[in-house]
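One-letter residues, chain by chain:
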Amino acid sequence: VNAPTLDRAGARRSDARWLAGIRADPSARALAVTADRVCLHDGRLAQLPLAELDGEPLLLGLVGATPLFAVDVTGHPRTGMAGLREAAAMLSRGEAGLAAYASALAGWHRRHPFCAACGSATAVREGGHVRVCPRCGAVHHPRTDPVVITLVADGDRALLGRQPAWPGGRYSALAGFVEPGETLEEAVAREVREEACVEVAEPRYRASQPWPFPSSLMLAFTARYAGGEARVGDAELEDVRWFSRDELRAAAAGSGPFALPPPIAIARLLIGEWIARP
Ligand SMILES: [Zn+2]
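All values derive from a computational prediction rather than experimental measurement. (Residues numbered from 1 in each chain as written. Predicted model: local features only at pLDDT ≥ 70, side-chain atom pairs only at ≥ 80, totals over all residues. Heavy atoms only, no water.)

Novice: I'd like a rundown of the overall build of the chain, residues and numbers included.
Specialist: A count of helical and extended segments in the chain gives six helices and 17 strands. A total of 278 residues make up the chain; the buried ones form 46% of that total. A total accessible area of about 13,500 Å² is found for the chain, and carbon and sulfur atoms account for 53% of it. Each charge class in the chain was averaged separately, 31 positive and 32 negative side chains, and the resulting centres sit 4 Å apart. (Helix = DSSP H or I, 4+ residues; strand = E, 2+ residues; numbered from the N terminus. Buried < 20%, exposed > 50% of the residue type's maximum accessible area, 1.4 Å probe, protein only. Areas by Shrake-Rupley, 256 points an atom, 1.4 Å probe, with all protein chains shown as cover. Lys, Arg positive; Asp, Glu negative; His and termini not counted. Charge placed at Lys NZ, Arg CZ, Asp CG, Glu CD.)

Below, the structure written as structure tokens:
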């Protein structure tokens, strides 16, 4: 399944009768997931008969005429469960996106059983795309948290940072959550300033990637260095430094003292494109 071939059925999922019909459809399939794991079979997403799984079916959409759901199997151990990062490295981009979608949705339900407005237990509606509070009527939607990730370049050098928890030698593009009231461009400039004490200009959007740890959307940017001396600006990073193209080419090839994020990460796309430039 490629994500683009999935019809999310946004206009129909509020129709309870239509939902009941597709839930009862014997051809309905489901992905077995938890907030951070997904069930695989032969290196692909396992599409199990929905009727075989216990739990609230969360509608992902339609693949052709086939309804596809996710079911949270936390607490019901299954064989074939793999960590999302491990799975993403193995799956096609489309299936990795689908795994991210299913896990993010399941994780949101698991973390939001109660109304954020009044504390009452909420009920699942619209195939799992909203939770409704029976007491105060509030409608809660799954959230997606935007994160900007930026490759800052200055001619033949690029700025990367390193988090203490990463494997030894790994560096990546600078990233941080967008704050309320900010544009994406403002978030890019603020994050780079906070983390690396550097000013940037001309932020340019490149691509995006759902990142279900637990519910982020990574928004990848490039930006031009516009001043300041690179140094660690806050506690998130233990080092920031400039890299030459040759250093990053060596890291991409798996040689030398430095390492890059895994190919599934959008940071790797940004770095790979920069390395490839003449
Ligand atoms: Zn409420």
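Moving on, there is more to tell.
Novice: Residue-level account of the packing of aromatic side chains, with values.
Specialist: A complete count under the given rule lists six aromatic pairs for this structure. With 5.8 Å between their ring centres and 70 degrees between their planes, Tyr205 and Phe221 make a pair best called edge-to-face. Taken together, the residues span a long stretch of sequence, with Tyr205 in strand 15 (residues 199-211) and Phe221 in strand 16 (residues 216-227) at a distance of 16 residues. By relative accessible area, which is 47% here, Tyr205 ends up partly exposed. The interplanar angle of 75 degrees and the centroid separation of 5.0 Å between the aromatic rings of Trp211 and Phe213 together place this pair among those described as edge-to-face. Judged by its relative accessible area of 18%, Trp211 is buried. By relative accessible area, which is 27% here, Phe213 ends up partly exposed. A network of ring pairs unites the aromatic residues Tyr171, Phe243 and Phe258 as a single cluster. A cation sits over an aromatic face here: Arg8 above Tyr101, 3.8 Å from the ring centre. For Arg157, the ring lying beneath its charged end belongs to Trp242, and the centroid distance is 3.9 Å. (Phe/Tyr/Trp six-rings, centres within 6.5 Å; stacked < 30°, edge-to-face > 60°. Lys NZ or Arg CZ within 6 Å of the ring centre and 35° of its normal.)

Novice: Outline the coordination of the zinc ion, listing residues and values.
Specialist: The coordination sphere of the zinc ion contains the protein donors Cys115 (SG), Cys118 (SG), Cys133 (SG) and Cys136 (SG), at a distance range of 2.3 to 2.4 Å. All donors of the zinc ion come from a single chain, and their spacing in sequence reads C-x2-C-x14-C-x2-C. On the criterion of sequence distance, the pair formed by Cys115 in the loop between helix 3 (93-111) and strand 9 (123-125) and Cys133 in the loop between strand 10 (130-132) and strand 11 (139-140) is long-range, its members being 18 residues apart. The exposure class assigned to Cys115 is buried, which follows from its relative accessible area of 4%. (Donors = N, O, S within 2.8 Å, 3.2 Å for Na, K, Ca; no water.)

Novice: Break down the sheet that holds strand 11 for me, with residues and values.
Specialist: Either a parallel or an antiparallel arrangement is found when strands of a sheet pair, and the pairing is made through backbone hydrogen bonds. Overall, antiparallel pairing links the three strands, which are arranged 9-10-11 in an open sheet. Two strands in the sheet have a free side with no partner beyond their single neighbour: strand 9 and strand 11. One ladder, built from two bridges, connects strand 10 with strand 11; its direction is antiparallel. Residue Arg131 lies in a different strand from strand 11, and its bridge partner there is His140. (Pairing = 2+ DSSP bridges.)

Novice: With reference to specific residues and values, describe helix 1 (residues 16-24).
Specialist: Three or more residues of helix 1 are buried, namely Trp18, Leu19 and Ile22. Down the axis of helix 1, the buried set is contained in an arc of 100 degrees. They therefore lie on one face. Exposed and oriented more than 90 degrees from the buried face of helix 1 are Ala16, Arg17 and Ala24. Contacts made by the buried residues of helix 1 are with strand 6 (58-63) and strand 7 (66-72). Looking at where helix 1 begins, the residue whose side-chain oxygen comes 3.0 Å from the main-chain nitrogen of Arg17 is Asp15. (Arc of directions from axis to C-beta. Contact = heavy atoms within 4.5 Å. Polar contact = N/O pair within 3.5 Å; in protein donor to acceptor, adjacent residues only side chain to side chain.)

Novice: Describe the nonpolar core, with residues and values.
Specialist: If you look at the biggest cluster of nonpolar residues, it comprises 46 residues, and the most contacted ones within it are Leu60 and Leu248. Filtering out sequence-adjacent residues up to four positions away, Leu60 remains in contact with Leu6, Asp7, Arg8, Leu31, Leu68, Phe69, Ala70, Leu98, Tyr101, Ala102 and Leu105. Counting residues in each nonpolar core, the second largest holds 19 residues, with Val148, Ala187, Ala189 and Phe221 among its members. (Core = buried A, V, L, I, M, F, W, Y, C linked by side-chain atoms within 4.5 Å.)

Novice: With reference to specific residues and values, describe the pairing of strand 16.
Specialist: One ladder, built from nine bridges, connects strand 12 (residues 145-154) with strand 16; its direction is parallel. Bridging from a neighbouring strand, Pro146 pairs with Leu217 of strand 16. The pairing of strand 15 with strand 16 spans 10 bridges and is antiparallel. Looking at the pairing, Trp211 lines up with Ser216 of strand 16. Here strand 15 hands over to strand 16 after four residues, the two strands then running antiparallel side by side.

Novice: With reference to specific residues and values, describe unusual backbone geometry.
Specialist: Omega for the bond connecting Phe213 with Pro214 falls within 30 degrees of zero, at 5 degrees, which places this linkage in the cis form. Here Pro214 is to be found in the loop between strand 15 and strand 16. Not every positive phi belongs to a glycine, and Ala9 is a case in point at roughly 55 degrees. For Cys197, which is not a glycine, the phi torsion comes out positive at approximately 60 degrees. For Cys197, the position within the fold is in the loop between helix 4 (184-196) and strand 15. Among the residues examined, Cys197 registers a relative accessible area of 21% and is labelled partly exposed.

Limitation: the analysis is restricted to geometry and does not speak to function.
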